[in-house]
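# What the coordinates show
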Amino acid sequence: MKQYRAVVFDWDGTVMDSTHAIVTAIQLASADLGLPVPSGAIASWVIGLSLEAALYRVVPDLNAEQMPDFIERYRHHFFQRDLQLKLFDGMQNMMDELKERDVLLAVATGKSRPGLDRLLVNVGLDQYFYATRCADETQSKPHPQMLHELLDEMQLPVEQVIMVGDTTHDVHMAQNAGMDSLAVSYGAHDPDTLSKATPTFQVDKVAAMRELLLARV
């Protein structure tokens, strides 16, 4: 059985139960600017991408002049909810178990650096991760640069690292980097959509993710 020395986690919809808050913030910001309000399914599909790239896809009527105002309204609505956001049940215990086994933990997220740092402190995980990369620091998913930079920082070969995420963007980023992937279907993308992206593994619960990872580290 293949063994891993590090696990790279996506954040929203994978570690933190934040999908609904992101979708709601996109919908409310659209309404604030008088733009067509996207459905929940459309809004959730872009979770994990860098914010500007995501917004042009999910709100096609949005133009460049409106983008700063849209981002301001999005952040206003999201920040009203982010202190109430929680980790998925079982996530903290799994992180503790991985750290006890000296597994390196990392984050590759579409969030901004200030956004990720604030949430890491809010949930008490700011000392858990050896390395983190955000979309405002490097190429957005599914480009593999985020993972390449994390591999360099952890000084590990790609064969010893696995990427965990809840969207096809995460799976495709891992594939583009030559890295194994674990898709979790309790987040933004449904099981069928994830399966079509052919992740290395796929689970539907945190408990199943824990079992799979602990057997391979």
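Everything below is about the structure printed above this text.
Residues numbered from 1 in each chain as written. Predicted model: local features only at pLDDT ≥ 70, side-chain atom pairs only at ≥ 80, totals over all residues. Heavy atoms only, no water.

## A word on helix 10 (residues 206-214)
Those residues of helix 10 not exposed but buried are Val206, Met209, Leu212, Leu213 and Leu214. Where helix 10 is buried, its residues touch strand 1 (6-9), helix 5 (91-100), strand 4 (161-165), strand 5 (180-184) and strand 6 (201-203). (Buried < 20%, exposed > 50% of the residue type's maximum accessible area, 1.4 Å probe, protein only. Helix = DSSP H or I, 4+ residues; strand = E, 2+ residues; numbered from the N terminus. Contact = heavy atoms within 4.5 Å.)

## Observations concerning the side chain of Arg113
Mapped onto the secondary structure, Arg113 falls in helix 6 (residues 113-122). Here Arg113 falls in the buried class, since its relative accessible area comes to 18%. A polar atom in the side chain of Arg113 sits 2.9 Å from the side chain of Thr132. (Polar contact = N/O pair within 3.5 Å; in protein donor to acceptor, adjacent residues only side chain to side chain.)

## So, the pairing of strand 5
Burial analysis of strand 5 places five of its five residues in the buried class, which makes it a mostly covered element. Residue alternation in strand 5 divides its side chains into two sets, Asp180, Leu182 and Val184 and Ser181 and Ala183, and both sets are buried. What joins strand 4 to strand 5 is helix 8 (residues 168-177), and the crossover it makes is right-handed. Regarding the hand of the β-α-β motif, the stretch spanning strand 5, helix 9 (residues 191-196) and strand 6 is right-handed. (Right-handed = clockwise from strand over helix to strand, strands pointing away.)

## Here's the deal with the environment of Thr14
For Thr14, the position within the fold is in the loop between strand 1 and helix 1 (19-32). Of the residues examined, Thr14 reaches a relative accessible area of 0% and is grouped as buried. For the pair Thr14 and Ser185, spaced 171 residues apart in sequence, the C-alpha to C-alpha distance is 8.9 Å. Residues within four places of Thr14 in sequence aside, it is in contact with Phe9, Phe88, Met91, Val164, Gly165, Asp166, Val184 and Tyr186. Polar contacts involving the side chain of Thr14 include one to the side chain of Asp166, which spans 3.1 Å.

## Some remarks on the packing of aromatic side chains
For the structure shown, the criterion picks out four aromatic pairs. Considering the side-chain rings of Trp11 and Phe129, the 6.4 Å spacing of their centres and the 75° angle between planes classify their relative orientation as edge-to-face. Here Phe129 lies in the loop between helix 6 and strand 3 (131-134) and Trp11 lies in the loop between strand 1 and helix 1, a separation of 118 residues in the sequence. Overall, the relative accessible area of 0% leaves Trp11 in the buried class. An aromatic cluster is built from Tyr74, Phe78 and Phe79, whose rings are joined through pairwise contacts. (Phe/Tyr/Trp six-rings, centres within 6.5 Å; stacked < 30°, edge-to-face > 60°.)

## Let's talk about the layout of surface pockets
Taken as a whole, the largest pocket spans an internal volume of roughly 450 Å³. For the lining of the largest pocket, the secondary-structure elements that each account for two or more residues are helix 1, helix 3 (51-58), helix 4 (67-82) and helix 6. Of the residues in the lining of the largest pocket, the class split is 13 nonpolar, five polar and six charged. (1 Å grid on protein atoms, 1.4 Å probe; cavity = no way out; pocket = protein on both sides within 12 Å on 5 of 7 lines; lining within 4 Å. Points joined across faces, edges and corners; volume = space filled by probe spheres on them. Nonpolar A, V, L, I, M, F, W, Y, C, P; charged D, E, K, R; others polar.)

## Digging into the nonpolar core
With 58 residues, the main nonpolar core has Phe9, Trp11, Ile26, Met91, Phe129, Met209 and Leu213 as its most contacted residues. Residue contributions to this core peak at six residues, all from helix 1. Membership of the second largest hydrophobic core comes to 18 residues, among which are Val8, Met146, Leu147 and Met163. (Core = buried A, V, L, I, M, F, W, Y, C linked by side-chain atoms within 4.5 Å.)

## Points about the packing of helix 4 against helix 6
Where helix 4 meets helix 6, the axes come as close as 12 Å, and the angle between the chain directions of the two elements is 15°. Between helix 4 and helix 6, the angle falls in the class roughly parallel. Of the two possible hands of crossing, helix 4 and helix 6 adopt the one that is right-handed. Facing Phe78, Phe79 and Asp82 of helix 4, the residues of helix 6 in contact are Arg118, Leu119 and Asn122. For the contact of helix 4 with helix 6, the per-class residue count stands at three nonpolar, one polar and two charged. (Axes fitted to C-alpha atoms, helices over the stretch in contact; angles between N-to-C directions. Parallel < 35°, antiparallel > 145°, perpendicular 65-115°, else oblique. Left-handed = near helix turned anticlockwise from the far one by under 90°.)

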